[in-house]
There are 2 protein chains.
Amino acid sequence: MEEIRLIEVKESIMSDNDATAEKLRAKLRDKKTFLINVMASPGAGKTSTILKTIEALKDEIRINVIEADIDSVVDSEKISAAGVLAVQLRTGGFCHLDAGMVQQGLDALDTDTLDLVIIENVGNLVCPAEFDTGAIKNIMILSVPEGDDKPLKYPLMFSVCDVLIINKMDYIGLSDFDIKALRERALKLKSDIKIFEISCKTGMGIDEWADWLRQQVKTFTR
Amino acid sequence: MEEIRLIEVKESIMSDNDATAEKLRAKLRDKKTFLINVMASPGAGKTSTILKTIEALKDEIRINVIEADIDSVVDSEKISAAGVLAVQLRTGGFCHLDAGMVQQGLDALDTDTLDLVIIENVGNLVCPAEFDTGAIKNIMILSVPEGDDKPLKYPLMFSVCDVLIINKMDYIGLSDFDIKALRERALKLKSDIKIFEISCKTGMGIDEWADWLRQQVKTFTR
């Protein structure tokens with residue numbers, strides 16, 4: 001069990017979040033640390049997906065996790081139990097992370113020794129999409145029970161993401177979820193979005209996703 | 001098919017949302033119009049639950065719906081197809097409704113002829129909990145696939161709600177969702193929260209919920 005570091009983050013004094021994010025990304029390039037920002041609705045499976053990703057990659061890639069949660073350390077405890085250091089940002093009611101908060105999280109980590117930092121953003125499809133965290137890639141998880149109409153309702157989230165992970169594929173067939181329609185709607189918002197279909201329960205698709213991420217991290221840290 | 005009225009809402013100029021909400025509630029008492037505010041994650045089944053509620057009550061109770069959505073009229077179209085007038089508030093990226101926005105929605109309705117107005121808030125467990133909309137009762141929908149840990153992560157949402165509807169009960173047994181733990185966690189945050197277990201797919205529990213709402217509306221509009 002790894003330790004959990006708890007940080008009470010303050011709202012950024014920096015008014016220009018985009019500039020802070022760009023500066024953070026430049027620093028990450030220097031240090032060769034790949035940073036991904038995982039966003040989703042509450043309950044879509046962010047923590048489960050991160051745990052499966054850790055399981056697949058931790059022998060080859062040095063990973064830490066930055067957890068954002070309004071008022072609990074439930075997720076950090078799970079990450080920590082998987083043997084990976086988790087920094088828990090307590091956002092005290094904030095609905096998203098910004099680059100300044102992520103910087104505070106990174107400051108608590110020894111990035112010189114890391115290949116990959118995974119941010120688990122606040123469970124919310126609205127506000128996190130509006131704030132560049134400084135991540136190299138934005139990942140969105142949509143779970144099958146949420147429905148195939150989400151790109152119509154939360155278009156910004158889909159358009160800022162590089163990857164769409166469709167989780168809980170084991171639920172497909174239990175509803176009228178139309179995966180073809182979902183793919184079309186997502187691709188209309190972001191024509192080069194990479195789509196993975198997974199199930200954290202059965203393990204389906206985890207390898208494909210982990211292979212893609214491994215390749216990205218290796219190229220970045222080379 | 002009923003018409004859809006589309007309103008582009010502006011952020012309130014009123015800085016004191018609580019005062020605006022109280023004023024709105026006083027007006028509703030005068031007019032004997034019951035107002036409920038339905039909140040949930042994206043995909044928990046807000047629109048489906050509202051449609052089932054309309055189906056159960058529309059012959060006895062005069063209902064209109066205020067729909068909030070960032071960028072679509074998908075939900076309004078469904079409500080309208082059920083023969084009920086829907087006002088669509090386009091929030092243009094806002095993550096919640098406040099009392100001033102709801103007032104703009106009510107202004108577009110003929111509340112003198114209505115018993116019940118249902119607000120479908122933005123799909124989000126964070127921000128909507130922070131803003132009193134002026135509703136008489138706050139209703140939260142949690143769907144089984146989201147998991148039983150949500151009260152630990154979004155405590156404010158549970159503590160501001162009068163009713164917790166657990167939807168997609170047909171998914172129970174497909175996961176390790178612990179309904180007893182969920183009930184305990186919710187009751188710890190709001191000791192008098194009323195809990196209904198429903199499935200919009202099978203119809204389970206809809207009658208109990210509709211009976212409770214009917215009783216509330218009848219008492220209020222007497």
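What you see is a predicted model, and the numbers here were worked out from it, not measured in a lab. (Residues numbered from 1 in each chain as written. Chains lettered and ligands numbered in written order. Predicted model: local features only at pLDDT ≥ 70, side-chain atom pairs only at ≥ 80, totals over all residues. Heavy atoms only, no water.)

A.B. asks: Can you lay out the pattern of salt bridges for me, pointing to particular residues and giving the numbers?
C.D. replies: Residue and element names in this part refer to chain A. All told, the structure shown has 28 salt bridges over all chains when counted by the stated rule. Close ionic contact of Lys31 with Asp112 constitutes a salt bridge, the shortest N to O distance being 3.0 Å. Linking Lys31 in helix H1 (residues 17-31) with Asp112 in the loop between helix H4 (99-107) and strand S5 (116-120), this pair joins segments that are 81 residues apart in sequence. Judged by relative accessible area, Lys31 falls into the partly exposed class, the value being 37%. The closest approach of N and O atoms between Asp149 and Lys153, which form a salt bridge, is 3.4 Å. With a relative accessible area of 8%, Lys153 lands in the buried category. (Salt bridge = Lys/Arg side-chain N within 4 Å of Asp/Glu carboxyl O. Helix = DSSP H or I, 4+ residues; strand = E, 2+ residues; numbered from the N terminus. Buried < 20%, exposed > 50% of the residue type's maximum accessible area, 1.4 Å probe, protein only.)

A.B. asks: Could you give an account of the interface of chain B and chain A, naming the residues involved and the relevant values?
C.D. replies: With 34 residues of chain B at the contact, the number on the chain A side is 34 residues. Counting the surface lost from both chain B and chain A, the interface buries some 2500 Å², and carbon and sulfur atoms represent 56% of this. When the area that chain B buries against chain A is broken down by residue, the three leading residues are Pro42(B), Lys153(B) and Tyr171(B), summing to 22%. Across the contact surface, chain B and chain A share two salt bridges. Measuring nitrogen to oxygen at the nearest pair gives 2.8 Å for the salt bridge that ties Lys153(A) to Asp75(B). Linking chain B to chain A there are nine residue pairs in polar contact (both at pLDDT 80 or more). At the level of elements, helix H3 (74-81) and helix H5 (150-153) of chain B are the ones that each hand at least two residues to the side of chain B that touches chain A. Here the residues of the side of chain B that touches chain A are counted per class, giving 15 nonpolar, eight polar and eleven charged. (Contact = heavy atoms within 4.5 Å. Buried area = accessible area lost by both parts, 1.4 Å probe. Polar contact = N/O pair within 3.5 Å; in protein donor to acceptor, adjacent residues only side chain to side chain. Nonpolar A, V, L, I, M, F, W, Y, C, P; charged D, E, K, R; others polar.)

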